[in-house]
Amino acid sequence: VQLQASGGGLVQAGGSLRLSCAASGRSFRSYALAWFRQAAGVGREFVAGISRSGGVTRYTDSVKGRFTISRDNAKNTMLLQMNSLKPEDTAVYYCAADLSIGISTMTMPGGYEYWGQGTLVTVSS
């Protein structure tokens, strides 16, 4: 599967952005999906993940209540709605997919085989 992330940009603190991850290839619904982010000088951080059916989601504590992950298996698309953005949300955001990863391990970047190219989110104070 090939992933294409988009939707990043510059926004003021308190604003909103919606990231999209479009997938090409077959069997999109067979992949667990996630968003990660990487700020300058730090490692890649799990943001949110979603199960194959979309019925289970996970979030890192710092984004709970502000970000919402969703997927549309008919359109081969995953979304990340980001509200109440903070300057500390500034990072390059990556989408990831894997056939085998489970709910318990979806926070680990090393568990994903496929990655999008990243989209930059900048939140100004």
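Placed above this text is the structure.
First things first, this report covers the structure right here in the doc. (Residues numbered from 1 in each chain as written. Predicted model: local features only at pLDDT ≥ 70, side-chain atom pairs only at ≥ 80, totals over all residues. Heavy atoms only, no water.)

### Structural notes on the overall build of the protein chain
Looking only at helices and strands, one finds zero helices and 11 strands in the protein chain. Dimensions of the protein chain, computed from C-alpha atoms along their principal axes, come out at roughly 40 × 25 × 25 Å. The buried share among the 125 residues of the protein chain stands at 41%. Long-range contacts, defined as pairs at least 24 residues apart, comprise 59% of the intrachain contacts of the protein chain with a sequence gap of at least 6. If you average the places of the 12 positive and of the 7 negative side-chain charges in the protein chain, the two averages end up 6 Å apart. (Helix = DSSP H or I, 4+ residues; strand = E, 2+ residues; numbered from the N terminus. Buried < 20%, exposed > 50% of the residue type's maximum accessible area, 1.4 Å probe, protein only. Contact = heavy atoms within 4.5 Å. Lys, Arg positive; Asp, Glu negative; His and termini not counted. Charge placed at Lys NZ, Arg CZ, Asp CG, Glu CD.)

### Topic: the state of the cysteines
Counting across every chain of the model gives one disulfide. Between the sulfur atoms of Cys21 and its disulfide mate Cys95 the distance is 2.3 Å. Residues Cys21 and Cys95 are joined by a disulfide whose S-S torsion is about 70°; by sign, that bridge is right-handed. With Cys21 in strand E3 (residues 17–24) and Cys95 in strand E9 (residues 91–98), this pair connects stretches of sequence that are 74 residues apart. Across this residue pair, the class does not change: Cys21 and Cys95 are buried. (Disulfide = S-S within 2.5 Å.)

### Quick notes on the side chain of Asp98
You can see Asp98 is positioned in strand E9. Arg52 is the oppositely charged side chain nearest to the buried, salt-bridge-free Asp98, at an N-O distance of 5.4 Å. At 2.8 Å, the side chain of Asp98 and the backbone nitrogen of Ser100 are in polar contact. Here Glu113 takes part through its backbone nitrogen, which lies 3.0 Å from a polar atom of the side chain of Asp98. (Salt bridge = Lys/Arg side-chain N within 4 Å of Asp/Glu carboxyl O. Polar contact = N/O pair within 3.5 Å; in protein donor to acceptor, adjacent residues only side chain to side chain.)

### Description of the sheet that holds E3
Taken in spatial order, the four strands make up an open sheet running E1-E3-E8-E7, and their pairing is antiparallel. Among the strands making up the open sheet, the edge pair consists of strand E1 (2–6) and strand E7 (67–72). Across the sheet, the axes of successive neighbouring strands diverge by a mean angle of 15°, strand direction being ignored. (Pairing = 2+ DSSP bridges. Axes fitted to C-alpha atoms, helices over the stretch in contact; angles between N-to-C directions.)

### Quick notes on the pattern of salt bridges
Under the counting rule described, the total for this entry stands at four salt bridges. Among the salt bridges present, the one from Arg37 reaches Glu45, with a minimum N-O distance of 2.8 Å. We classify Arg37 as buried; its relative accessible area is 6%. In this structure, Asp89 engages Arg66 in a salt bridge whose closest nitrogen and oxygen atoms are separated by 2.7 Å.

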